[in-house]
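# Reading the structure
Here is what each chain is made of, one letter per residue.
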Amino acid sequence: MAESPNYFINLGTVTYAHKAQKILEANSIKSVVGKISDTSGNRGCSYGVYVKSQKKDEATLLLRASSIKIL
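Scope of this entry: the structure provided in the associated data block. (Residues numbered from 1 in each chain as written. Predicted model: local features only at pLDDT ≥ 70, side-chain atom pairs only at ≥ 80, totals over all residues. Heavy atoms only, no water.)

## As for the overall build of the protein
In plain terms, the rule: Secondary structure counts use DSSP, requiring at least four H or I residues in a row for a helix and at least two E residues in a row for a strand, with both numbered from the N terminus. The buried label goes to any residue with under 20% of its type's maximum accessible area, the exposed label to any with over 50%, and the partly exposed label to all in between, with areas taken from a 1.4 Å probe on protein chains only. Between two residues, a contact is recorded if the distance between any of their heavy atoms is within 4.5 Å. All accessible areas in this document rest on Shrake-Rupley with a 1.4 Å probe, and a residue is counted as covered only by the protein chains that are shown.
Broken down by element type, the protein carries two helices and three strands. Listing every helix and strand of the protein by position from the N terminus yields β-α-β-β-α. Taking all 71 residues of the protein together, the buried fraction comes to 27%. Long-range contacts, defined as pairs at least 24 residues apart, comprise 66% of the intrachain contacts of the protein with a sequence gap of at least 6. Of the roughly 5,000 Å² of accessible surface on the protein, a fraction of 51% belongs to carbon and sulfur atoms.

Below, the structure is given as structure tokens:
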């Protein structure tokens, strides 16, 4: 069985990415902190968390309910 692809939840800062990871872990959702670069050169880099695609809706709702702003 193929593993589902990962989904990136953009949070902006490394601090929020680590906070999000702790919240998700406490709710049994595995995540990995990651960094993406803005290829247009307008914003620089951004941090967030990768979660399994099938968990993206649950993770997003949980983070918003925890007052974590998703970009």
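Moving on from the model shown.
## Focus: the packing of aromatic side chains
Where we set the bar: Aromatic contacts are taken between Phe, Tyr and Trp rings whose centres are within 6.5 Å, Trp giving its six-membered ring; a plane angle under 30 degrees counts as stacked, one over 60 as edge-to-face, and the others as tilted. Note on geometry: a ring has a charge over it if NZ (lysine) or CZ (arginine) is within 6 Å of the ring centre and within 35 degrees of the ring normal.
Tallied over the entire structure, the rule returns one aromatic pair. Pairing Phe-8 with Tyr-50 gives two aromatic rings, centres 4.8 Å apart and planes at 55°, and the pair type is tilted. With Phe-8 in strand β1 (residues 6–12) and Tyr-50 in strand β3 (residues 45–52), this pair connects stretches of sequence that are 42 residues apart. Here the basic side chain of Lys-19 rests over the ring of Tyr-16, its NZ or CZ set 5.1 Å away from the ring centre. Between the NZ or CZ atom of Lys-56 and the centre of the ring of Tyr-7, over which it lies, the distance is 4.9 Å.

## Points about the sheet that holds β3
In plain terms, the rule: We treat two strands as partners when DSSP finds at least two bridges between them. Note on method: axes are straight lines fitted to C-alpha atoms, helices fitted across the in-contact stretch only, with angles between N-to-C directions ranging 0 to 180 degrees.
The sheet built from three strands is open, its strands ordered β1-β3-β2 with antiparallel pairing. Since the sheet does not close on itself, it has two edges, and those belong to β1 and β2 (32–37), each with one partner. Each strand axis lies, on average, 40° off the axis of its neighbour in the sheet, ignoring direction. Relative to β3, β2 runs antiparallel, the two being bridged by six bridges. Considered in β3, the bridge of Lys-35 is made with Tyr-47. Contacts between helix α2 (residues 56–65) and the sheet are confined to β1 and β3, with β1 contributing the most and set at about 20° to the helix.

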